[in-house]
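Inside the fold
The lines below spell out each chain.
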Amino acid sequence: MLEIKNLHATVGGKEILKGIDLTIGPGEIHALMGQNGAGKSTLSNVLVGHPAYTVTEGSITFNGKDLLALSPDERSHEGLFLSFQQPVEIPGVSMVNFMRAALNAKRKYQGLEPLDAGSFLKLMRERRKIVELDNKLTSRSVNEGFSGGEKKRNEIFQMAMLEPTMCILDETDSGLDVDALRIVAEGFNKLRTSDTSAIVITHYQRLLDYLKPDYVHVLMGGRIVKTGGPELAIEIEQRGFDWIKESLDI
Amino acid sequence: MKDISQYLELFRTERDLIDAHSVPALNALRDEAAAAFERMGFPSKKVERYRYTDVATAFAPNYGLNLSRLHIPVNPYEAFRCDIPNLSTSVYFVVNDSLYKDALPKATLPKGVIVDSLNALSMLDEVQAVHSPFSIFHSEDSLTALNSMLAQDALLIYIRAGVRAERPIQVVNILRSAVPLMVNRKVRIVAEAGAEVRLLFCDHAADDQDFLATQVMEVSVGEGAHVELYELEETHARCHRFANLYADVAAGGHLTHATLTLTNGLTRNQTDVCLSGKEASVNLLGCAITDGQQHVDNNTLIDHRAPGCTSRELYKYVVDEQSEGAFAGRILVREQAGQTESQETNANLVCTPEARIWTQPMLEIYADDVQCSHGSTVGQLNDEALFYMRQRGISESEARLLLKQAFASEVLNHITLEPLRDRLHYLIDKRFRGELNHCRTCRLCNKS
């Protein structure tokens, strides 16, 4: 479904990704771990087409399409979703207008008619419940005045609305208390279908306890240096990253 | 001096004609106004308040004037049908600079509310008994003086003490001419003590022609009176508007004034508000959306002359393409104006490298114990917000549009007249989509 080959990318002229190879099949959950600065967020930003990042080498294929040739909004329509590490506040743009614009753009891309106001609001109500997002929040401007936890919940709510097939959760667990983490993770699990794939970027095992990754990758110096099963994450939680460095002689 | 000569010459040679088609109250002002105009000339860019607009160039062409007050054939109801849904207003039409008597609102105004042209003498008597109709006819402003030198009629809106005009009063200014035309409008608004009124002025141009409009509006807000005055301009690239407003707010009175420029050519709005009685308050709001070669200059002065007064000022501009916006707002807190609360904000969104914004918030405080703030920002759309929206599937153009709308709509949120606010949200959305000239209900727009 997603195939990354020899991906090199720079930001501000500095090379961060130095040859990433990663293949993700339908329904698979891949955890991406690594120290700060290893390139985890760079990889997620490159995948969704953030204009500040430049791909200098390599390719990304998504459902048979050349992902790098698509604009950020086309990538979204194709089913790619990034739960932002730091969701942006957009004063003056209401959640309702924002979601309606996003959903109807996707429907247009799929050749469907825009959703009528009644059906749209009904969908908002239904999906909001999955992440226990307060009605008051969806009537406000996008993320404006939301707490850290509410912003993360709002990301999963948007995921619920757009029904992506490839989700990137970039430190969705950061800044969440135990209860909020459970709501967000369980929300994600409820939304998953057998075809939903995900890249989960995290520093901690606790999110992975809920999401149960099929593979765990360790990113160091812009490359994937180690891949294992769920047990690798547990080992990292206990021992940190130094032992991996030592074993690889980095 | 050659710039003003064509106007002085016109005045001197056509003086009899001007007077013959006007009223004594206006004729009495002319000599002094002409002398003031001649003394001041057109303000150059060296004149502080006019530094952002080239006045002489705008007044240089040879415009015609309808000095004999020939009836302009127009049926405003036929020509103009842009209404505000869910807002029941008493609508008056001013064609060029004359109140259109053939199409007055059918519903009668409440007792104590008068809307009429100065030529209706009976009503002048009533108003004049209490208020001098024009105390400001040249002041220190040459365009006000020019307006007083040439204006042949005035619209008077009078609300007697304690009367609440339930239904908003809407005045639609229509510019209509087959040749380049200059019009000189005068408006006098008197809300006596405890009176309440909401007024909406809409500027339109019915013909694709060069227009030059001067307007002088004088507003008296009595003790404890409440006046909301909204001015909406939707003209076109060949229209020049020079509007000077002078308002006085007595003790405990409140004035809200909003200037919304959606489409225009060159516009300069000068708004002077004097808070003359204690605990008077004013809200000045402005929103300008410009592209192409549009030019919008808002120049304000709020003069705190009494203690305990409040002023709030919010002007927002979205300038695109090669257009220009200017804002200069001076707040003067005099020595006797203790316990003043004042807040001035000007925020600007500059969409292209060619668009220009000049911003000049000014605060002068001579009193102790005041709370005042002023500030301005000039910026571009937030790239991170733009990207966030695109990640969710919203196209770049739509995302830009939503962000611009969000920026401009902050001004609208201060408008308490809900149907008007909704309508303005709708118009601003249309404006950003470039669809403003295609409104469904308006035959005028559909024509173009």
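Here we summarise the structure given alongside this text. (Residues numbered from 1 in each chain as written. Chains lettered and ligands numbered in written order. Predicted model: local features only at pLDDT ≥ 70, side-chain atom pairs only at ≥ 80, totals over all residues. Heavy atoms only, no water.)

So, the overall build of chain B
Going by this rule: Numbering of helices and strands runs from the N terminus; a helix is a DSSP stretch of H or I covering at least four residues, while a strand is a stretch of E covering at least two. Partly exposed residues are those whose accessible area sits between 20% and 50% of the maximum for their type, while under 20% is buried and over 50% is exposed, using a 1.4 Å probe and protein chains only. Residues are treated as being in contact if the distance between any of their heavy atoms lies within 4.5 Å. Methods summary: accessible areas were calculated by the Shrake-Rupley approach with a probe of 1.4 Å, and residue burial reflects only the protein chains presented. Two residue types count as positive, namely Lys and Arg, and two as negative, namely Asp and Glu; His and chain ends fall outside the count. Where a charge lies is defined by one atom per residue type: Lys uses NZ, Arg uses CZ, Asp uses CG and Glu uses CD.
When you go through chain B residue by residue, the secondary structure sums to twelve helices and 19 strands. When the backbone C-alpha atoms are referred to their principal axes, chain B occupies close to 70 × 55 × 50 Å. Residue burial in chain B is summarised as follows: out of 448 residues, 61% are buried. The contacts in chain B between residues at least 6 apart in sequence include a share of 83% that link residues at least 24 apart. Counting only carbon and sulfur atoms, one obtains 48% of the accessible surface of chain B, whose full area is about 17,300 Å². Placing the 44 positive and 59 negative side-chain charges of chain B at their respective mean positions leaves the two points 4 Å apart.

Here we look at the packing of helix H4 (residues 30-40) of chain B against helix H8 (residues 142-150) of chain B
All names here are of chain B. This is how the line gets drawn: Helix axes use the C-alpha atoms of the stretch in contact, all axes being lines fitted to C-alpha atoms, and the angles between their N-to-C directions lie in the range 0 to 180 degrees. Here a crossing is called left-handed whenever its near helix is offset anticlockwise from the far helix by less than a right angle, and right-handed whenever the offset is clockwise. Polar here means any residue other than Ala, Val, Leu, Ile, Met, Phe, Trp, Tyr, Cys and Pro, which are nonpolar, and Asp, Glu, Lys and Arg, which are charged; Gly is therefore polar.
Put simply, H4 and H8 touch, their axes get as near as 8 Å, and they point 145° apart. As for the relative orientation of H4 and H8, their crossing is left-handed in sense. Across from Arg30, Ala33, Ala34, Ala36, Phe37 and Met40 in H4, the residues of H8 making contact are Ser142, Ala145, Leu146, Ser148, Met149 and Leu150. Split into classes, the residues belonging to the contact of H4 with H8 amount to nine nonpolar, two polar and one charged.

Examining the side chain of B:Asp97
Going by this rule: Polar contacts, as counted here, are pairs of nitrogen or oxygen atoms within 3.5 Å of one another; within protein the pair requires one atom able to donate a hydrogen and one able to accept it, and residues that are adjacent in sequence qualify only if both atoms are side-chain atoms.
Here B:Asp97 lies in the loop between strand E1 (90-95) and strand E2 (98-99). Looking at B:Asp97, its side chain comes within polar contact range of the side chain of B:Arg69, at 3.1 Å.

As for the sheet that holds strand E5 (residues 65-66) of chain A
Selection rule: Strand pairing requires that DSSP identify at least two bridges connecting the strands.
In space, the four strands of this open sheet follow the order E2-E1-E4-E5 (chain A), with antiparallel pairing throughout. The open sheet terminates on both sides in strands that have one partner only, identified here as strand E2 (14-24) and E5 of chain A.

Quick look at unusual backbone geometry
Residue and element names in this part refer to chain B. Despite not being glycine, Glu279 shows a phi value in the positive range, around 60°. Structurally, Glu279 is set in the loop between strand E12 (266-275) and strand E13 (281-290). Glu279 gets classed as exposed once you look at its relative accessible area, which sits at 55%. We note that Glu321 has phi near 50°; this positive angle belongs to a residue other than glycine. Considering the arrangement of structural elements, one finds Glu321 in the loop between strand E15 (310-319) and strand E16 (324-333). Residue class for Glu321 comes out partly exposed when judged on its relative accessible area of 37%.

A closer look at the interface of chain B and chain A
Going by this rule: Note on definitions: buried area is the accessible-area loss of two parts on being combined, 1.4 Å probe, summed for both. Any Lys or Arg side-chain nitrogen located within 4 Å of an Asp or Glu carboxyl oxygen qualifies as a salt bridge.
Contacts between chain B and chain A engage 17 residues on the former and 28 residues on the latter. Counting the surface lost from both chain B and chain A, the interface buries some 1,800 Å², and carbon and sulfur atoms represent 68% of this. The three residues of chain B that bury the most area against chain A are B:Phe387, B:Tyr388 and B:Arg392, which together make up 42% of that side's buried surface. Here chain B is connected to chain A by two salt bridges. At the junction of chain B with chain A, the criterion picks out 13 residue pairs in polar contact (both at pLDDT 80 or more). Mapped onto the side of chain B that touches chain A, the elements with two or more residues apiece are helix H9 (383-391) and helix H10 (396-412) of chain B. Among the residues making up the side of chain B that touches chain A, the classes are represented as eight nonpolar, five polar and four charged.

Quick notes on the packing of helix H3 (residues 95-109) of chain A against helix H6 (residues 148-162) of chain A
When two helices pack together, their arrangement is given by the angle between the helix axes and the distance between those axes. Residue and element names in this part refer to chain A. Relative orientation of the contacting elements H3 and H6 amounts to 35°, with a least axis distance of 10 Å. Here H3 and H6 pass one another in a crossing that is right-handed. Counting all contacts with H3, which are made through Met95, Phe98, Met99, Ala102, Leu103 and Lys106, the residues of H6 involved are Asn154, Phe157, Gln158, Met161 and Leu162. Residues of the contact of H3 with H6, tallied by class, amount to eight nonpolar, two polar and one charged.

Section: the pattern of salt bridges
All names here are of chain B. Taken as a whole and judged by the stated rule, the model has 37 salt bridges over all chains. Ionic pairing is found between Asp297 and Arg268, a salt bridge with its closest N-O pair at 3.5 Å. Placement of the pair is Asp297 in strand E14 (residues 295-304) and Arg268 in strand E12, with a sequence separation of 29 residues. Arg433 is paired through a salt bridge with Glu398; the nearest N and O atoms lie 3.2 Å apart. Highlighted residues: Arg433 in helix H11 (residues 418-433) and Glu398 in helix H10, separated in sequence by 35 residues. Here the salt bridges do not stand alone but share partners, grouping Arg185, Asp203, Glu231, Glu233 and Arg241 into one network.

Description of the packing of aromatic side chains
Residues and elements named next belong to chain B. Here is the rule we go by: Stacked, tilted and edge-to-face are the three classes applied to pairs of Phe, Tyr and Trp rings, where Trp contributes its six-membered ring and a pair requires centres within 6.5 Å; stacked means planes under 30 degrees apart, edge-to-face means over 60, and tilted covers the rest. Sitting over a ring, as applied to charges here, requires NZ of Lys or CZ of Arg to be within 6 Å of the ring centre and within 35 degrees of the ring normal.
Considering all chains together, one arrives at ten aromatic pairs over all chains under this definition. Members of the aromatic cluster, each reached through a chain of ring pairs, are Tyr7, Phe37, Phe42, Phe59 and Phe242. Above the plane of the ring of Tyr50 lies Arg268, whose end atom (NZ or CZ) is 3.6 Å from the centre. One cation-aromatic arrangement involves Lys316 over Phe407; the distance from NZ or CZ to the ring centre is 4.1 Å.

Concerning the sheet that holds strand E4 (residues 155-159) of chain B
Residue and element names in this part refer to chain B. Across the sheet, nine strands lie side by side as E3-E4-E6-E8-E10-E12-E14-E16-E18; this open sheet has mixed pairing. The two strands at the open ends of the sheet, each matched to only one other strand, are strand E3 (113-117) and strand E18 (356-365). Each strand of the sheet is rotated relative to its neighbour by a mean of 5°, with strand direction disregarded. Examined bridge by bridge, E16 and E18 share ten bridges and lie parallel to one another.

Brief notes about the pairing of strand E11 (residues 215-220) of chain A
Residue and element names in this part refer to chain A. Burial of E11 is extensive: five of the six residues sit out of reach of the surface. Relative to E11, strand E3 (residues 29-33) runs parallel, the two sharing four bridges. Following the sheet pairing, Met33 is matched in E11 by Val218. Sheet topology places E11 next to strand E12 (residues 223-228); five bridges connect them, and they run antiparallel. Counted as the bridge partner of Val216 is Gly228 from E12. Connecting the antiparallel pair E11 and E12 is a turn made up of two residues, with Gly221 showing a positive phi of about 55°.

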